[in-house]
Amino acid sequence: MNYYSTNRQTPAVTLKEAVVKGLAADNGLFMPERIEKFEPSFFQHIQNLSFQEIAFEVARKFFGEDIEEPKLREIVYDTLSFDCPVVAVTDKIWSLELFHGPTLAFKDVGARFMARLLNHFLEKSDRTVNVLVATSGDTGSAVANGFLGVEGIHVFVLYPRGKVSDIQEKQFTTLGKNITALEIDGTFDDCQQLVKTAFLDEELNRRLTLTSANSINVARFLPQSFYYFNAWARLKAQGVIPSRELVFSVPSGNFGNLTAGLFAREMGLPVARFLAANNRNDVVYQYLQTGKYEPRPSVETIANAMDVGAPSNFARILDLYGNSYEKITSAMKGFRYTDEEIRQTIRTVFEQNGYLCDPHGACGYQALTEALEENQVGVFLETAHPAKFTGTVEAVVGNGNVPLPEKLAAFVKGEKQSVPLGKSFPEFKSFLLG
Ligand SMILES: *Cc1c(COP(=O)(O)O)cnc(C)c1O
């Protein structure tokens, strides 16, 4: 299947090209040429399939023409070496726990899939591929760990100095090997801008093979649709749906996760609606209210992985719905929360339901409490383990109430290694070429 650019100023490309290039030559985002629907009968029996089996069926719809079945199955099964369970929090609200992977955030799914797909495409090449990834916290660790030790690939993680939690930082600055962490004197948006500019720089692209592992990459973003199908299946198995409608609430920053959910719905997954839960970085919320999209610089919040002022995947949402404000607002509704509201939600859910949310998941939970209608149940995406934000969460629920999982403790013991850089592109470019 070919992939076209949301800007439509450049010819469509193959899957391999879309994955290796990341961003289209006209600065647009790649979109699959077709979104194939499942037959309704698929949903009658989906609860009998395992997560891996469901994910493979979904993957075939996108990648089946380009990757032979056994290889694709291997990539999918390898990627999903951990579960994404659906856990009841109230009688109407479930948490889709996406933090059981190696770096305890949902980005493990897309990053592991992409690393395996890229490795498959590059098997016979002898040029080093440089993966550039800007991170507001969790992308860097998921990508770095997903690609760690993969031959022929070098990963550069760009992150804003002082704006990610200590644990997040340890997860990508302590690895060594083929991973280099660049500590940028700027914001996440500055990091993202450096990466975007690098892809458009002719000299850099002549001398180096560059690719992106941000959610702009189709190999990272499409696999995120897997767990929406699985959540639906698990709730159906419990008899919760389809007698009641299902609403997904997605804590959103760059909107890759939510867009993957919209794709799942286009493939026929019966979802009543998506809630886009934002922190104070609310440009999509404002768009959903007014029809005006006005990106602006991000502000810092305690849900820092959502501190995005110009969400990349918004271009995909516009494209998916042919720029129709009416269609977009019927598929999704926006919510936004201040740090104080987020803290309040973490406290309430912990005290009343004994469930510990991280600051991002808390936004998703809160939106459901406001939006669910009589005949609806809701699933919020618990996008990271609360222990990744121990300081913030313990300040709310009390010291000692956020146990550190073993996987995280192992990272904390490592020693940070990073290269400090300014936010100017020439400095970044000469570092890459040097
Ligand atoms: C990346 C991230 C988000 C935002 O996801 P997008 O796909 O960029 O919208 C939310 N929560 C956590 C914990 C994240 O790491």
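Per chain, the residues get numbers from 1 upward, laid out in the order the sequence is written. Where totals are concerned, whole chains, interfaces and linings use all residues; where local detail is concerned, this predicted model gives features only for residues with pLDDT of at least 70, and gives and counts side-chain atom pairs only at 80 or more. With hydrogens and water excluded, all non-hydrogen atoms of the structure serve as input to the side-chain values.

### What about the site of the ligand?
The line we're drawing: Any residue with a non-hydrogen atom lying within 4 Å of a molecule or strand is treated as near it. Pairing of N or O atoms within 3.5 Å defines a polar contact, subject to two protein rules: one partner must be a possible hydrogen donor and the other a possible acceptor, and residues neighboring in sequence count only if both atoms are side-chain atoms. For the area figures, the Shrake-Rupley method with a 1.4 Å probe applies, and any residue is considered shielded solely by the protein chains shown. Cavities and pockets were defined on a 1 Å grid built over protein atoms only: a cavity is a set of grid points that admits a 1.4 Å probe from which the probe cannot escape, a pocket is an open set flanked by protein on both sides within 12 Å along at least five of seven lines, and lining residues are those with an atom within 4 Å of any such point. A cavity or pocket is said to hold a molecule if more than half of that molecule's atoms lie within 2 Å of its grid points. Each residue receives one of three labels: charged for Asp, Glu, Lys and Arg, nonpolar for Ala, Val, Leu, Ile, Met, Phe, Trp, Tyr, Cys and Pro, and polar for the others, Gly being one of them.
Neighbouring the ligand are 15 residues, the closest being K107, D138, G253, N254 and F255. Backbone polar atom of G256 to an oxygen atom of the ligand: 3.1 Å apart, as the coordinates give it. Taking T383, its side chain carries an N or O atom lying 2.8 Å from a nitrogen atom of the ligand. Compared with its free state, where it exposes 380 Å², the ligand has 97% of that area covered by protein. Among the detected pockets, the ligand sits in the largest cavity. Among the residues forming the shell around the ligand, the class breakdown is six nonpolar, seven polar and two charged.

### Overview of the sheet that holds strand β11 (residues 332-336)
Stated formally: Strand pairing requires that DSSP identify at least two bridges connecting the strands. Secondary structure elements follow DSSP: runs of H or I of four or more residues count as helices, runs of E of two or more count as strands, with numbering from the N terminus. Axis definition: a line fit to C-alpha positions, over the contact stretch in the case of helices; interaxial angles, taken between N-to-C directions, run 0 to 180 degrees.
Pairing is mixed across the open sheet formed by six strands, whose spatial order is β3-β4-β12-β9-β10-β11. At either margin of the open sheet sits one strand with a lone partner, and together these are β3 (86-88) and β11. Each strand of the sheet is rotated relative to its neighbour by a mean of 25 degrees, with strand direction disregarded. In terms of strand pairing, strand β9 (residues 245-251) meets strand β10 (residues 273-278) through five bridges, oriented parallel. Counterpart to V250 in the pairing with β10 is A276.

### Quick notes on the pattern of salt bridges
So the rule is basically this: Counted as salt bridges are all cases of a side-chain nitrogen of Lys or Arg within 4 Å of a carboxyl oxygen of Asp or Glu. Burial here depends on accessible area, computed with a 1.4 Å probe over protein chains only, as a share of the maximum for the residue type. Under 20% is buried, over 50% is exposed, and the range in between is partly exposed.
With the rule as written, the count across this model stands at 19 salt bridges. A salt bridge links K429 to D201; the nearest nitrogen and oxygen atoms lie 3.1 Å apart. Residue K429 is located in helix α20 (residues 425-433), and its partner D201 is located in the loop between α8 (188-200) and α9 (202-207); the two are separated by 228 residues in the primary sequence. By the burial criterion, K429 is buried, and D201 matches it. D282 serves as the salt-bridge partner of R296, at 2.6 Å between the closest nitrogen and oxygen. Taken together, the positions of R296 in the loop between α13 (283-290) and α14 (314-320) and D282 in the loop between β10 and α13 put the pair 14 residues apart, joining distant regions of the chain. Residue classification places R296 among the partly exposed positions, given a relative accessible area of 37%.

### Some points on the packing of aromatic side chains
Put simply, the rule reads: Each Phe, Tyr or Trp ring (for Trp, its six-membered ring) is paired with any other whose centre lies within 6.5 Å, and the angle between the two planes then decides the class: stacked below 30 degrees, edge-to-face above 60, tilted in between. In our convention, an over-ring charge means Lys NZ or Arg CZ found within 6 Å of a ring centre and within 35 degrees of that ring's normal.
A full pass over the atoms with the stated rule returns 22 aromatic pairs. A ring pair is formed by F113 and F226, whose centres lie 6.0 Å apart and whose planes are at 75 degrees; its orientation type is edge-to-face. Separated by 113 residues along the polypeptide, F113 in helix α5 (residues 107-122) and F226 in helix α11 (residues 226-237) bring together distant segments of the chain. Classification of F113 by relative accessible area gives buried; the value is 0%. Cluster of aromatic residues (ring-pair linked, three or more members): F62, F63, F113, F221, F226 and F263. The aromatic ring of F56 is capped on one face by R73, whose charged end is 4.2 Å from the ring centroid. Across the ring face of F221, the terminal group of R316 is positioned such that the distance to the ring centre comes to 4.3 Å.

### A few points about the nonpolar core
As a reminder, the rule being used: Only buried residues count toward a nonpolar core, which is a set of Ala, Val, Leu, Ile, Met, Phe, Trp, Tyr and Cys residues joined through side-chain atoms within 4.5 Å. Residues are treated as being in contact if the distance between any of their heavy atoms lies within 4.5 Å.
Of all hydrophobic cores here, the largest spans 139 residues; its most connected members are F229 and M332. Per-element accounting of this core gives the leading share, nine residues, to α5. The contact partners of F229, leaving out residues within four places of it in the chain, are F38, F42, F43, I46, I54, V58, A264, M267 and L269. Of all hydrophobic cores here, the second largest spans 20 residues; its members include L182, F188, F199 and F428.

### With respect to empty space enclosed by the protein
Heads up, the rule is: Grid points are joined across faces, edges and corners, and a volume is the space filled by probe spheres set on the points.
The final tally for this structure, using the stated rule, is three cavities of 30 Å³ or more. The volume enclosed by the largest cavity comes to roughly 260 Å³. The wall of the largest cavity is formed by 23 residues, among which F106, K107, G253, N254 and A305 lie closest to the centre.

### A closer look at the pairing of strand β7 (residues 179-184)
Formally: With the strands pointing away from the viewer, any crossover whose connection runs clockwise from the first strand over the helix to the second is right-handed.
Buried residues dominate β7, accounting for six of its six residues. Burial along β7 is two-sided: I179, A181 and E183 facing one way and T180, L182 and I184 facing the other are all buried. Direction of pairing for strand β6 (residues 153-160) relative to β7: parallel, over a ladder of six bridges. For V155, the partnering residue across the bridge sits in β7 and is I179. Between the parallel pair β6 and β7, the chain is carried across by helix α7 (residues 166-173), and the sense of this crossover is right-handed. In this structure, β7 lies alongside strand β13 (residues 419-421), joined through three bridges in parallel fashion. The partner of L182 across the bridge, within β13, is V419.

Purely geometric numbers; function is a separate question.
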